[in-house]
Structures are given as structure tokens and as C-alpha cells.
Amino acid sequence: PYTTLFRSVKLAVINTISGAIGVMANHQPIVSALKIDAIKVTFADSDDEFIAVNGGFAEFSNNTLTVVAESAETAQAIDVQRAESAKQRAEEHISHANEVHDPNELARAEVALARAVNRIKIVTSK
């Protein structure tokens, strides 16, 4: 699990299904569903860090941001070759789903593609 305990965070930008939200100390409490996208964390003592999050939800209360997601990876933890392979497989599945007119396969493949693209984006934005 990824944790930022014992590090001072100046700002966290979370991408929710309703749009991006910047969260700083003493922000009003929120709970929101997350998109497959990046969380940008600005630490008081270092550069920004990007975390690839595959959906889930975020809660901010009592000056603590909690993210519950299927997966969350920093740029350093992402295997780019594996992400590129996943992207290629997802694109092939999308093509196949369109050929056979399978909406369920198409939906699953589109989610897989979004996850792979998100992981690649995190590595290239560091």
C-alpha cells in the first residue's frame, strides 16, 4: 500500500468523476468517486509526485486524505513495458469487440485501455 504518513503534503489534486479537486489542509470534508487518472501530490519538502489510480474513492476529513482504489502506483513502481503490452492487448480486444458487436467485451477492453494509458501517462509526466 502507498502511504504518505510522516510527510507533509501541501496539496493533493484528485480527479473525481465530477472533475478535479485540489485538497489542502483544513479543506472541508469530502467523499468522491475517482476516475482512472492521476493523483498529483505536492509535498512541502520535495517535488510533485504522481500516483496512477484505477478508480475507487477518496475521502478527506480531519486533515487526512484516504484513497481506496483497486490499485495505486507511483511512477517508480510502474513497469512501462508491461503497461505498453497491456495497452496493445486492450486495443486488440477493442477491435475484436467491435467486429463481433460485443458491448460487454468492449466495455472491459475500454477500461483496460484507460488503465494502461494512465500508467504510461504517469511515467511520462514525472
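Up top you'll find the structure we're talking about.
Residues numbered from 1 in each chain as written. Predicted model: local features only at pLDDT ≥ 70, side-chain atom pairs only at ≥ 80, totals over all residues. Heavy atoms only, no water.

Caption draft 1: Here's a closer look at the sheet that holds strand 3 (residues 30–33). The strand order 3-6-7 describes an open sheet built from three strands, whose pairing is antiparallel. Strand pairing shows two members of the sheet lacking a second neighbour, strand 3 and strand 7 (64–68), which therefore form its edges. Averaged over neighbouring strand pairs, the angle between their axes works out to 10 degrees when direction is ignored. Pairing of strand 6 (residues 57–61) with strand 7 involves five bridges; the strand directions are antiparallel. (Pairing = 2+ DSSP bridges. Helix = DSSP H or I, 4+ residues; strand = E, 2+ residues; numbered from the N terminus. Axes fitted to C-alpha atoms, helices over the stretch in contact; angles between N-to-C directions.)

Caption draft 2: View of a nonpolar patch on the surface. Taken together, the side chains of Val31, Phe57 and Val68 present a nonpolar region at the surface, about 270 Å² in accessible area. Mapping Val68 onto the fold places it in strand 7. (Patch = residues over 30% accessible without salt bridge, like charges linked within 9 Å, V, L, I, M, F, W, Y side chains within 5 Å. Areas by Shrake-Rupley, 256 points an atom, 1.4 Å probe, with all protein chains shown as cover. Salt bridge = Lys/Arg side-chain N within 4 Å of Asp/Glu carboxyl O.)

Caption draft 3: Quick peek at the layout of surface pockets. By volume, the second largest pocket is sized at about 220 Å³. Forming the boundary of the second largest pocket are Glu73, Arg82, Ala86, Arg89, Ala112, Arg115, Ala116 and Arg119. Mapped by element, the contributors of at least two residues to the lining of the second largest pocket are helix 1 (80–100) and helix 2 (103–124). Of the residues forming the lining of the second largest pocket, the biggest block, four residues, is contributed by helix 2. For the lining of the second largest pocket, the class distribution of residues is three nonpolar, no polar and five charged. (1 Å grid on protein atoms, 1.4 Å probe; cavity = no way out; pocket = protein on both sides within 12 Å on 5 of 7 lines; lining within 4 Å. Points joined across faces, edges and corners; volume = space filled by probe spheres on them. Nonpolar A, V, L, I, M, F, W, Y, C, P; charged D, E, K, R; others polar.)

Caption draft 4: Up close: helix 2. A rise of 1.5 Å per residue sets the reference length of helix 2, with its 22 residues, at 32 Å; its end C-alpha atoms lie 31 Å apart and thus fit the reference within 8%. Buried residues of helix 2: Glu105, Ala109, Leu113, Ala116, Asn118, Arg119, Ile120, Ile122 and Val123, and no others. In this structure, the buried side of helix 2 is in contact with strand 4 (36–43), strand 5 (48–54), strand 8 (72–74) and helix 1. (Expected span 1.5 Å × (residues − 1). Buried < 20%, exposed > 50% of the residue type's maximum accessible area, 1.4 Å probe, protein only. Contact = heavy atoms within 4.5 Å.)

Caption draft 5: Representation of the pattern of salt bridges in the model. Taken as a whole, this structure holds five salt bridges when the rule is applied. Residue Asp48 is joined to Lys40 by a salt bridge in which the shortest nitrogen-to-oxygen separation is 3.4 Å. What makes Asp48 partly exposed here is its relative accessible area of 36%. Glu70 is paired through a salt bridge with Arg115; the nearest N and O atoms lie 3.1 Å apart. In this pair, Glu70 sits in the loop between strand 7 and strand 8 while Arg115 sits in helix 2, placing the two residues 45 residues apart along the sequence. Judged by relative accessible area, which is 25%, Arg115 ranks as partly exposed.

Caption draft 6: Layout of helix 1. End to end, helix 1 covers 30 Å across 21 residues, agreeing with the expected 30 Å (1.5 Å per residue, within 8%). Every buried residue of helix 1 is accounted for by Ala83, Ala90, Ile94 and Ala97. What you see down the axis of helix 1 is that its buried residues fit within an arc of 70 degrees, all on one side. In helix 1, those exposed residues whose orientation departs by more than 90 degrees from the buried face are Gln81 and Glu99. Summarising the contacts, the buried residues of helix 1 are in contact with helix 2. (Arc of directions from axis to C-beta.)

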